[in-house]
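Listed below, chain by chain, are the residues.
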Amino acid sequence: LIASTKRLSDSILEKAATTNPDGGGIAWREDGLVKWKKGIELEEIISLCATLPLPYIAHFRIATVGGKRPELCHPFSIDETALSVLEGETGGSVLFHNGHWARWKEVIMDTAVKSVAKLPVGKWSDSRALAWAAYHYGVGFLELVDEKCVVFSPEEMEIFGSGWLLIEDGLLASNRHFEYERFEHTGGGSGYYGHGFVP
C-alpha cells in the first residue's frame, strides 16, 4: 500500500492485515534516509501511519517462499546482502514486492557463480532475492521480471509491474485482497469472499 499524498486509514490497514496476516512492514523518509521497521504488528503500523511523514509504504505479507518469519516481511534493502534485519535505515533504496517470482533460486545461484558474489547468510524468499538481484544488475532488472515491486529511495519511488490500483487520490494498492474477507476451509487452506470495500 503506497501512501504518496494521503494517509492510509485505519480501516484499510485493518483489512489488509486481516487478509494478509503473516506480518507487516513499513518504510518512510526521514533526515535524508529511508527508514524501515518490519515483522511488526498491526497496532504499531496503524500508529506509524498516523504520524510518519508522507510518502510511506506499508506492506502486509501472505507467507509463501521462506515461510512465516518476521525477517522475511518487507522491505528489503537493495545492497550486497539484501538485509533481513527488522529495523534499519539506508541512504540507498529498499524494495517491496507483491507476487511470486518463480525463477528466484535459479537467478541468484547463477549470479553467485558467475560473479563470484558470496550469497549472504539468513533466510531467503523470492522478494529478498529480487532486492539482491536489483543490487547486482541494477534496478532496471525489475522491468524484466514483470513482478509488482516498489523501489523506495530518499529521493525517488519507482513502481514496477502492471495491475497497480488507485484506491483513492494519493493511495495505491498492489492488489485487491484487502477488499475481501479471509476464511479458513474446514479441510485446511484458506480463501476469500468479496464484498464492497468501504474506506
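A brief structural summary. Just so we're clear, the structure is a prediction, and the values are computed from it rather than from any experiment.

### Side note on the pairing of strand β8 (residues 148-152)
Thought 1: In terms of burial, β8 is largely enclosed, as five of its five residues are buried.
Thought 2: Covered by surrounding structure in β8 are Lys 148, Val 150 and Phe 152 together with Cys 149 and Val 151, the residues of both alternating faces.
Thought 3: Taken together, the five bridges between strand β7 (residues 94-98) and β8 define a ladder with antiparallel strand orientation. Looking across to β8, one finds that Val 94 is bridged to Phe 152.
Thought 4: One ladder, built from four bridges, connects β8 with strand β9 (residues 157-160); its direction is antiparallel. Paired with Cys 149 across the two strands is Phe 160, which belongs to β9.
Thought 5: Where β8 folds back on β9, the antiparallel hairpin that results is connected by four residues.

### Section: the sheet that holds strand β2 (residues 24-30)
Note on sheets: strands pair through backbone hydrogen bonds, and any given pair is parallel or antiparallel.
Thought 1: On the basis of which strands lie adjacent, the open sheet formed by seven strands has the order β6-β3-β2-β4-β1-β11-β10 and antiparallel pairing. Edge positions in the sheet fall to β6 (87-90) and β10 (165-168), since each has one partner strand and no second.
Thought 2: Looking at chain direction, β10 and strand β11 (residues 171-173) are connected through three bridges and run antiparallel. In the strand pairing of β11, Leu 165 is matched with Ala 173.
Thought 3: Sitting on the sheet, helix α1 (residues 10-19) is in contact with β4 (56-60), β10 and β11, with an inclination near 35° to β4.
Thought 4: Against the sheet, helix α2 (residues 42-51) touches β2, β3 (33-40) and β4, its axis set at about 155° to β3.

### So, the packing of aromatic side chains
Thought 1: Enumeration over the complete set of coordinates arrives at three aromatic pairs.
Thought 2: Both rings, one in Trp 101 and one in Phe 141, keep their centres 5.9 Å apart while their planes meet at 70°; by these two values the pair is edge-to-face. On the criterion of sequence distance, the pair formed by Trp 101 in the loop between β7 and α3 (104-115) and Phe 141 in helix α5 (residues 141-145) is long-range, its members being 40 residues apart. Exposure class is identical for Trp 101 and Phe 141. Each is buried.
Thought 3: Ring centres of Trp 124 and Trp 132 lie 6.0 Å apart, and the angle between their planes is 85°; on these two criteria the pair is classed as edge-to-face.

### Regarding the side chain of Asp 22
Thought 1: Structurally, Asp 22 can be placed in the loop between α1 and β2.
Thought 2: At 2.8 Å, the side chain of Asp 22 and the backbone nitrogen of Ala 63 are in polar contact.
Thought 3: Dropping the residues within four chain positions of it, Asp 22 is found in contact with Arg 61, Ile 62, Ala 63, Lys 68 and Cys 73.

### Quick word on the sheet that holds β7
Thought 1: One open sheet accounts for four strands, arranged β5-β7-β8-β9; its pairing is antiparallel. With partners counted over all chains shown, the strands left at the sheet margins are β5 (76-77) and β9, one partner each.
Thought 2: Strand contacts of helix α4 (residues 126-137): β5, β7 and β8, with the helix running at about 140° to β7, the strand carrying the most contacts.

### Some thoughts on the pairing of β3
Thought 1: β3 sits mainly inside the fold: six of its eight residues count as buried.
Thought 2: Two elements, β2 and β3, share seven bridges in a ladder whose sense is antiparallel. Looking at β3, one finds that Arg 29 is bridged to Val 34.
Thought 3: Hairpin remark: β2 followed by β3, antiparallel, with two residues in the connecting loop; positive phi at Asp 31, about 55°.

Criteria and thresholds
Residues numbered from 1 in each chain as written. Predicted model: local features only at pLDDT ≥ 70, side-chain atom pairs only at ≥ 80, totals over all residues. Heavy atoms only, no water. Buried < 20%, exposed > 50% of the residue type's maximum accessible area, 1.4 Å probe, protein only. Helix = DSSP H or I, 4+ residues; strand = E, 2+ residues; numbered from the N terminus. Pairing = 2+ DSSP bridges. Contact = heavy atoms within 4.5 Å. Axes fitted to C-alpha atoms, helices over the stretch in contact; angles between N-to-C directions. Phe/Tyr/Trp six-rings, centres within 6.5 Å; stacked < 30°, edge-to-face > 60°. Polar contact = N/O pair within 3.5 Å; in protein donor to acceptor, adjacent residues only side chain to side chain.

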